Amino acid sequence: MRKTCLALAAVALLAGCATPPPAPGSAASKVVTMGQLDDIEIGQMRVARENGYLTVNVALTNSSRSNQTLFYRFAWLGSDGFPVADEESWKALPLYGKQAKFLPAIAPTPAARDFRLEVHTR
Amino acid sequence: MVSRALTLATLVAAVQLTGCSVFRSYDSELQETNKQLAAGNVDAALALLESNNKGDKKDLLYYFEKGELLRSKGDLKGSQDAWRSADSVVFQWEESVKLDTDKYLSQFGSYLVNDKVRRYEGYDYEKVMLTTQMALNLLAQNDFDGARTEIKKTHEREAIIAELRDKEYLKREEEAEKEGIKTEYKDLQGYPVASLDAPEVVGLKNSYQSAFSHYLSGYVYEALGEKGLAAPGYRKAAELRPNTPLLDQALLELDKNSAKAGESDVLIVVQTGLAPARDSIRIPLPLPIQDNLVITPLSFPIIREDTSTAHLSEIQLNDKVLALTALNSTTAMSRRALRDDMPGIILRTSVRAISRGVAQKNLNQTNPMAGLVVGIASTVLEGADTRTWRTLPNETQVARVRLKQGEHHVSLPSSLGGTQVTVKVDRPYQVVSLRVVGNRVFAGGPSVEVAPQAAATAVASLK
Amino acid sequence: MFARLSLAALAIALVSGCSTPSPVLGGKNISYGDSKAVELVTNEFGSTDLQMIAESMTRSLAQSGVLHGRPVVQVYDVKNKTSEYIDTREITTSIKTQLMKSGAARFASDNTDMQSQVDQLKLQNQSGLYKKKTVAKTGNMIAAKYRLEGSISSIVKRSSDYKDVFYKFSLQLIDVESGLAEWMDEKEIRKTTER
């Protein structure tokens with residue numbers, strides 16, 4: 001009886017730990033995973049403003065040994081949090097097994113202040 | 001009991017099949033029609049075509065032939081309507097192929113029925129030529145935008161055909177291996193192998209891509225100012241017919257801006273003769289029937305070239321000789337189509353003959369009478385498929401010239417009747433197309449006028 | 001009794017369920033797809049390639065900083081050096097649209113629009129049909145500071161079980177006065193089909 005109780009508590013704790021809400025402004029808060037994202041880790045993001053345009057560089061790592069294809073697109077948001085441009089087209093990015101890669105992107109208009117990265121595998 | 005049921009079934013099948021195209025000799029029907037056309041009796045040719053196709057459901061061939069005959073008559077609108085119907089049949093075929101390629105391929109490989117009882121789907125080169133001819137009809141009326149649509153359809157269709165054939169040939173090789181049939185057309189004793197191995201046949205990349213079709217598309221795109229699309233047209237044509245100065249020139253001139261005011265870029269298209277016929281030839285082949293090799297006569301198609309029209313290599317333009325460049329030969333394409341189909345035809349015909357041989361042997365042992373019936377029914381059914389688009393022009397030749405706007409005179413060599421044609425050039429880009437059968441010249445559209453030719457000679461056997 | 005009632009109720013519920021207003025008419029096998037989806041139907045030049053090229057070219061050009069103060073640009077057709085029927089004008093149209101939307105540049109009448117533009121000016125000025133005040137004056141068209149031109153080429157290789165297509169699209173912005181290329185970029189695409 002005591003064991004079950006303990007186990008339950010542990011499970012509850014773990015569940016809580018597994019999904020802490022991403023801190024606002026952190027890299028994870030910018031990523032929207034659609035469907036499934038297998039074996040690809042999204043690391044740091046570098047955000048800058050060059051010649052008036054927001055530019056982003058995202059570090060990606062393929063954690064599996066096999067080749068993966070990542071489907072992705074960016075959504076560009078204005079200061080009010082709403083999109084400032086038309087939807088982007090989906091793009092495919094091949095990653096070899098265990099490869100680390102950088103994914104660069106440029107905002108379509110100077111009005112973009114923030115962004116979301118939508119990702120998806122297979 | 002079983003054998004009686006089989007007899008009955010065979011009889012029923014034989015009776016039913018007589019209703020369809022089995023007994024129809026497409027070759028002799030069209031020989032008559034073409035004779036009328038060559039004599040200049042286009043109306044009689046059309047009447048003959050109608051009387052041979054009285055049923056309500058017209059097939060693809062009817063629309064093919066009707067469109068070409070109406071085009072010769074100068075009725076471009078009627079021609080376009082007939083071909084529009086043919087185009088919708090081809091479109092349905094295209095959709096069925098796109099949606100389920102595997103299903104299409106498996107029914108194509110069915111061994112049970114003879115090729116000639118199948119619904120006529122048209123050869124690949126006929127599908128490509130259909131929209132090319134439709135584009136010519138529109139160009140004769142200076143409708144370049146309309147022609148652009150037909151031309152775009154032509155190369156999209158070509159891409160579908162290419163993909164389908166790739167898959168089909170792969171599948172066929174696998175099947176021939178499975179059935180253990182190794183006969184090649186080169187092994188057929190008495191078959192005119194040389195006609196299929198001629199350099200102009202082997203030299204083609206495949207049976208359906210036409211250099212003329214791509215050249216015309218380059219020309220139309222150029223006329224519309226779309227150089228980005230004109231370039232691949234000329235480039236593809238040059239790939240299909242290497243070492244043709246006309247094609248290389250077109251690509252070079254595309255980037256130059258050599259148009260002078262008051263001058264037109266005129267493309268003269270001369271289409272001569274008629275497409276070749278398909279005939280049936282019987283060749284005995286040893287087949288393994290119940291472990292015995294039995295010599296069985298089998299029917300195979302052969303290509304018979306049309307001889308109605310002499311070859312033409314030049315025309316006169318304003319009393320100067322103008323050399324023509326050949327860009328398309330239907331005979332070569334038709335031979336190439338047969339050459340590529342031959343392994344499949346051999347496979348299907350042999351497998352069918354073997355299964356029939358086995359059935360007949362079994363029947364003979366139990367019921368000789370039924371065996372006889374099956375034998376008769378199968379001789380009726382055998383015979384190669386002779387259907388093909390026969391009024392389609394055989395050779396397509398072109399010349400491209402810069403002409404001052406105004407009236408010009410084109411005439412044919414005297415060996416072909418020396419007919420005079422007056423052409424009114426009034427557009428920056430203009431296509432003039434002439435159709436020559438026998439020593440008759442046919443042309444349609446507002447800017448071309450054919451001088452009166454000798455009265456049409458009456459051809460006998462008019463019903 | 002109860003059973004019969006509930007059956008009737010069920011029937012009514014079913015019927016009313018069927019007649020729920022829906023904005024869809026017919027269409028069992030037909031549906032609208034995402035126009036931005038990655039298209040992998042065949043390995044010929046496709047919609048995704050067009051979108052990718054236009055997108056990466058515009059972003060790169062706009063962000064490069066060459067286009068100060070919305071200069072006037074004349075767009076030339078992209079030269080098609082492949083033997084595939086690629087409508088390159090659609091690529092330039094997309095590039096133009098996106099640059100226009102980002103507000104980075106303005107465009108002069110290009111080759112295809114020029115004729116209509118001249119015709120309209122002539123009509124307004126020479127026909128005498130229009131109110132004088134509203135007629136567009138000739139001699140006020142704005143000339144381009146830059147011209148934009150490019151090309152697309154391909155290398156196609158195939159063996160019995162592979163087909164590999166490599167596309168290279170390049171675009172450059174040239175200062176009309178100096179003739180100097182001020183910006184250049186290219187996009188490479190590789191597509192492979194295995195049988």
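Not measured: the values here are computed from a predicted model.

1. Overview of the pairing of strand β5 (residues 162-175) of chain C
Residue and element names in this part refer to chain C.
Turning to step 1, where the next piece is worked out: Among the 14 residues in β5, eleven count as buried, and that is most of the element.
Turning to step 2, where the next piece is worked out: As defined by bridge partners, strand β4 (residues 146-158) adjoins β5 across 13 bridges and the pair is classed as antiparallel. Directly across from Ser154, in β5, lies its bridge partner Tyr167.
Turning to step 3, where the next piece is worked out: Two successive antiparallel strands, β4 and β5, enclose a turn made up of three residues.
Turning to step 4, where the next piece is worked out: As paired strands, β5 and strand β6 (residues 181-194) are joined by 13 bridges and run antiparallel to one another. Bridging across to β6, Asp164 finds its partner in Thr192.
Turning to step 5, where the next piece is worked out: Count of turn residues in the β5/β6 antiparallel hairpin: five residues, of which Gly179 carries a positive phi of about 75°.

2. Observations concerning the pattern of salt bridges
Turning to step 1, where the next piece is worked out: Summed over all chains, the structure comprises 48 salt bridges over all chains.
Turning to step 2, where the next piece is worked out: Close ionic contact of Asp175 of chain C with Lys145 of chain C constitutes a salt bridge, the shortest N to O distance being 3.8 Å. Taken together, the positions of Asp175 of chain C in strand β5 and Lys145 of chain C in the loop between α4 (111-126) and β4 put the pair 30 residues apart, joining distant regions of the chain.
Turning to step 3, where the next piece is worked out: By relative accessible area, Lys145 of chain C is classed as partly exposed at 42%.
Turning to step 4, where the next piece is worked out: When salt bridges that share partners are traced, they join Arg84, Asp87, Glu94, Glu95, Lys98, Glu150, Lys153 and Arg157 of chain B into one network.

3. A word on empty space enclosed by the protein
All names here are of chain B.
Turning to step 1, where the next piece is worked out: Counting across every chain of the model gives six cavities of 30 Å³ or more.
Turning to step 2, where the next piece is worked out: Estimated volume of the second largest cavity: approximately 100 Å³.
Turning to step 3, where the next piece is worked out: If you go around the second largest cavity, you meet 14 residues; those closest to its centre are Leu204, Gln209, Ala211, Arg241 and Asn328.
Turning to step 4, where the next piece is worked out: Counting only elements with at least two residues in the lining of the second largest cavity, the list comes to β6 (325-329) and α14 (330-366).
Turning to step 5, where the next piece is worked out: Here the lining of the second largest cavity takes three residues from β6, the largest share from any one element.

4. A word on the interface of chain C and chain A
Turning to step 1, where the next piece is worked out: Taken together, the contacts link 17 residues of chain C with 19 residues of chain A.
Turning to step 2, where the next piece is worked out: Summed over both partners, the interface of chain C with chain A buries about 1400 Å², with 54% contributed by carbon and sulfur atoms.
Turning to step 3, where the next piece is worked out: Per-residue buried area on chain C facing chain A is highest for Lys36, Arg59 and Gln63 of chain C; these three make up 44% of the total on that side.
Turning to step 4, where the next piece is worked out: Joining chain C to chain A, the criterion identifies three salt bridges.

5. Overview of the interface of chain C and chain B
Interface size is commonly expressed as the accessible area that is lost once the parts come together.
Turning to step 1, where the next piece is worked out: Counting residues at the interface gives 16 residues for chain C, matched by 19 residues for chain B.
Turning to step 2, where the next piece is worked out: Here chain C meets chain B over a buried area of about 1200 Å², counting both sides, of which 48% is carbon and sulfur.
Turning to step 3, where the next piece is worked out: The interface formed by chain C and chain B holds two salt bridges in total.
Turning to step 4, where the next piece is worked out: One salt bridge connects Arg148 of chain B with Asp87 of chain C, and the closest N-O pair in it is separated by 3.6 Å.
Turning to step 5, where the next piece is worked out: On the surface where chain C and chain B come into contact, there are ten residue pairs in polar contact (both at pLDDT 80 or more).

What counts and what doesn't
All residue numbers refer to positions counted from 1 along the written sequence of the respective chain. Going through the entries in the order they are written, you letter the chains from A and number the ligands from 1. Only residues with pLDDT of at least 70 are given local features in this predicted model, and only at 80 or more are side-chain atom pairs given and counted; all residues enter the totals for whole chains, interfaces and linings. Water and hydrogen atoms were dropped before computing side-chain values, which therefore reflect all heavy atoms in the structure. Only protein chains enter the area calculation, which uses a 1.4 Å probe; residues under 20% of their type maximum are buried, those over 50% are exposed, and those in between are partly exposed. Note on conventions: DSSP H or I runs of at least 4 residues are helices, E runs of at least 2 residues are strands, and numbering of each starts at the N terminus. If DSSP finds at least two bridges between two strands, the strands pair. Between Lys or Arg on one side and Asp or Glu on the other, a salt bridge is scored when a side-chain nitrogen of the former is within 4 Å of a carboxyl oxygen of the latter. Lining residues are defined by having an atom within 4 Å of a point belonging to a cavity or pocket. Those points lie on a 1 Å grid over the protein atoms alone, cavities being sets where a 1.4 Å probe fits but cannot get out and pockets being open sets with protein on both sides within 12 Å along at least five of seven lines. Grid points are joined across faces, edges and corners, and a volume is the space filled by probe spheres set on the points. Residues are treated as being in contact if the distance between any of their heavy atoms lies within 4.5 Å. Here's the idea: put two parts together, see how much 1.4 Å probe accessible area each one loses, and the total over both is what we call buried area. In protein, a polar contact requires one atom able to donate a hydrogen and another able to accept it; more generally it is a pair of N or O atoms within 3.5 Å, and residues adjacent in sequence count only if both atoms are side-chain atoms.

Honestly, it's all geometry; don't read function into it.
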